[in-house]
Amino acid sequence: MAEKNSEQWWRSAAIYQVYIRSFADGNGDGIGDLDGVRAQLPYLAELGVDAIWFNPWYPSPMADGGYDVADYRDINAAFGTLAEAEKLIADAHGYGLRIIIDIVPNHCSDEHRWFRAALAAGPGSPERARFWFRPGRGGDGELPPNDWTSIFGGPAWTRTTDEDGTPGEWYLHLFAPQQPDFNWDHPEVRQEFEAVLRFWFDRGVDGVRIDSAALLTKDPELAEPAPSAFTDRDDVHAIYRSWRRIADEYGSRALIGEVWMPDVERFTRYLRSDELHVAFNFDFLCCAWELDRLRAVIDATLASHAPVGAPATWVLSNHDVVRHVTRYGRANTAFGMADRRIGEPADLVLGEQRARAAALLSLALPGGVYVYQGDELGLAEVEDLPDELRQDPIFSRSGYTDKGRDGCRVPVPWSGIHPPFGFSPEQATAAPWLPQPQSWARRTAAGQDTDPNSMLTLYRQALRLRRAQPALLTLGLDWFDAGEGALAFRRGPDFACVINLGDTPLALPAGATLLLASGPLLDGQLPTETGAWLRLAPTRE
Ligand code: BGC
């Protein structure tokens, strides 16, 4: 069993997400890098996670935080070198940590050699056939080929300029103009990504997170309306079947899809046994902090995964969403990507209390679980970044109406009482690429290290306990009644998680022993907005 579990490590792994630019700066230029990550491997090992997922680490002009990839086989010079990445993979393995990298197959950077060649080669060329170039509509081609809009706002098409300076064809970009979409009908695109997968698997990478996994294939005529013309088309699955064959050849390598999809049945198609191993579940992330809704989302998630035998995933925050300490402190705790509501009033004390309970909830649910860097420090969204420092293309593409995602990407505070809080070394030549709030003096990892009541201590204790409970890693979930307002479930015969989402304190089940609580008990009872892990008394047959 143990053997089987380690082969299928993704089924129950706790995965820590590292946004490299903001994690730890080794060379003092204000930008996180691989050296910085390597220095923090002991921290991650001690935290108790099983794997690290790196956001894109490739050479990139950083028009979208590295999701504009200029070369899929190298490392961004600001982060380090390929040799350093290889060393980092080996060192992480030495700590028992697996490595997941981000593969961005829907689009590349406008500085990728293929796209440059396509621009240079001109209309009708084989080089352009790897992308979606089309003449414009209107008398002079002055209108985009169709009316699709970019996911970041504005049109999904940008017009090129021909060599003689006259306006030329348009190209498709579902995201920023610096992110041209590949044409996945082209065999070279398919071969290229299969080769890229092998390139990284050969270097010891244990899994890939597949960016925008449902968007790759398009209606070849580009005629259907958006978004069905480019979302979740039936022919996308053939791509993942071929990727799965490659992953299987290497053994124990995981394919993890980013699949935002409201239709559960369509979502689980990606998880059929010859496709992806795992796909992110964002319904849980977006769910309001309310008993009935949470329970419904958990039930729906488990029910949808069961028929395909795939593990569920539980995510509270990532680099694209408002941090959950902030979300849970708002009057409306639900979240939607279309409306980030930056600046909406939030009670951060309440938000943190709920985030602590949510940590115990997410770490006790069956499946894989993700911890976004800073979750374990209780970081809130930085909502007051000066507009001129915001870098997320969503801010400008939305006409400055959506503040974008920079507020969850502020560099991590490690130590000390003033910025850069140990993010950069003492002799740093530049400030962190986004400014950290002074209030983070109370949030540093060093400051929380020995505090028995800190968020960091809670995460460490929970991750350690999780590892030690076979039922948490293998068995399913059984709801039970723990009183009014309780979200309560058992994992196996004697482990239970109880979250008090009601208005009054809850008595613990008779004979239960407390293993861990997200906050102090009151007269032996579980206060509201608090969660606990319990050892239940053995039941008599
Ligand atoms: C990533 C984003 C990125 C987008 C385009 C997403 O789903 O998580 O950060 O901006 O894909 O690549």
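Rules of the game
Residues numbered from 1 in each chain as written. Predicted model: local features only at pLDDT ≥ 70, side-chain atom pairs only at ≥ 80, totals over all residues. Heavy atoms only, no water. Phe/Tyr/Trp six-rings, centres within 6.5 Å; stacked < 30°, edge-to-face > 60°. Helix = DSSP H or I, 4+ residues; strand = E, 2+ residues; numbered from the N terminus. Buried < 20%, exposed > 50% of the residue type's maximum accessible area, 1.4 Å probe, protein only. Lys NZ or Arg CZ within 6 Å of the ring centre and 35° of its normal. Arc of directions from axis to C-beta. Contact = heavy atoms within 4.5 Å. Pairing = 2+ DSSP bridges. Axes fitted to C-alpha atoms, helices over the stretch in contact; angles between N-to-C directions. Parallel < 35°, antiparallel > 145°, perpendicular 65-115°, else oblique. Left-handed = near helix turned anticlockwise from the far one by under 90°. Nonpolar A, V, L, I, M, F, W, Y, C, P; charged D, E, K, R; others polar. Right-handed = clockwise from strand over helix to strand, strands pointing away.

1. What to know about the packing of aromatic side chains
The geometry of an aromatic ring pair is captured by two quantities: the separation of the ring centres and the angle between the planes.
Consideration 1: Tallied over the entire structure, the rule returns 36 aromatic pairs.
Consideration 2: The interplanar angle of 85 degrees and the centroid separation of 6.2 Å between the aromatic rings of Trp53 and Tyr370 together place this pair among those described as edge-to-face. Of this pair, Trp53 sits in strand E2 (residues 51-54) while Tyr370 sits in strand E11 (residues 368-372), and the two are 317 residues apart along the sequence. Each of the two residues, Trp53 as well as Tyr370, counts as buried.
Consideration 3: On the basis of an interplanar angle of 45 degrees and a centroid distance of 6.5 Å, the ring pair of Tyr72 and Phe182 is categorised as tilted. Of this pair, Tyr72 sits in the loop between E2 and helix H4 (82-94) while Phe182 sits in the loop between strand E6 (167-172) and helix H6 (187-202), and the two are 110 residues apart along the sequence. Each member of the pair, Tyr72 as well as Phe182, is classed as buried.
Consideration 4: In this structure, Arg21 is placed above the aromatic ring of Trp433, and the distance from its NZ or CZ to the ring centre is 3.7 Å.
Consideration 5: The ring centre of Phe335 lies 5.5 Å from the NZ or CZ of Arg327, which sits over that ring.

2. A closer look at helix H5 (residues 113-121)
Consideration 1: Among the residues of H5, those classed as buried are Trp114, Phe115 and Ala118. Projection of H5 onto a plane perpendicular to its axis shows the buried side chains occupying an angular sector of 95 degrees, all on one side. Residues of H5 that are exposed and point more than 90 degrees away from the buried face comprise Arg113, Arg116 and Ala120.
Consideration 2: Looking at the buried positions of H5, the neighbouring elements they touch are strand E4 (133-134), E6 and H6.
Consideration 3: Taken from the residues just after H5, Gly122 is the one with a positive phi, measuring 85 degrees.

3. Observations concerning the sheet that holds strand E5 (residues 157-161)
Strand pairing within a sheet occurs via backbone hydrogen bonds; the two strands may be parallel or antiparallel.
Consideration 1: A sheet is described by the order of its strands in space; here three strands give the open sequence E4-E6-E5, paired in antiparallel fashion. Among the strands making up the open sheet, the edge pair consists of E4 and E5.
Consideration 2: In the sheet, E5 pairs with E6 via four bridges, with the strands oriented antiparallel. Looking at the pairing, Thr161 lines up with Pro167 of E6.

4. With respect to the packing of helix H12 (residues 348-364) against helix H15 (residues 455-468)
Consideration 1: In the contact formed by H12 and H15, the axes pass within 10 Å of each other and the chain directions differ by 10 degrees. Compared by their axis directions, H12 and H15 come out roughly parallel. The hand of the H12/H15 crossing is right-handed. Contacts from Glu352, Ala355, Arg356, Ala359, Leu360 and Leu363 of H12 reach H15 at Met455, Leu458, Tyr459, Ala462, Leu463 and Arg466.
Consideration 2: In terms of residue class, the contact of H12 with H15 is made up of nine nonpolar, no polar and three charged.

5. Examining the pairing of strand E7 (residues 207-210)
Consideration 1: Here E7 shows no split at all, with Gly207 and Arg209 on one side and Val208 and Ile210 on the other all buried.
Consideration 2: Of the strand pairs in this sheet, strand E3 (residues 98-103) and E7 are connected by four bridges, and their pairing is parallel. Looking at the pairing, Ile103 lines up with Ile210 of E7.
Consideration 3: Regarding topology, helix H7 (residues 236-250) serves as the crossover connection from E7 to the parallel strand E8 (residues 254-257), and that connection is right-handed.

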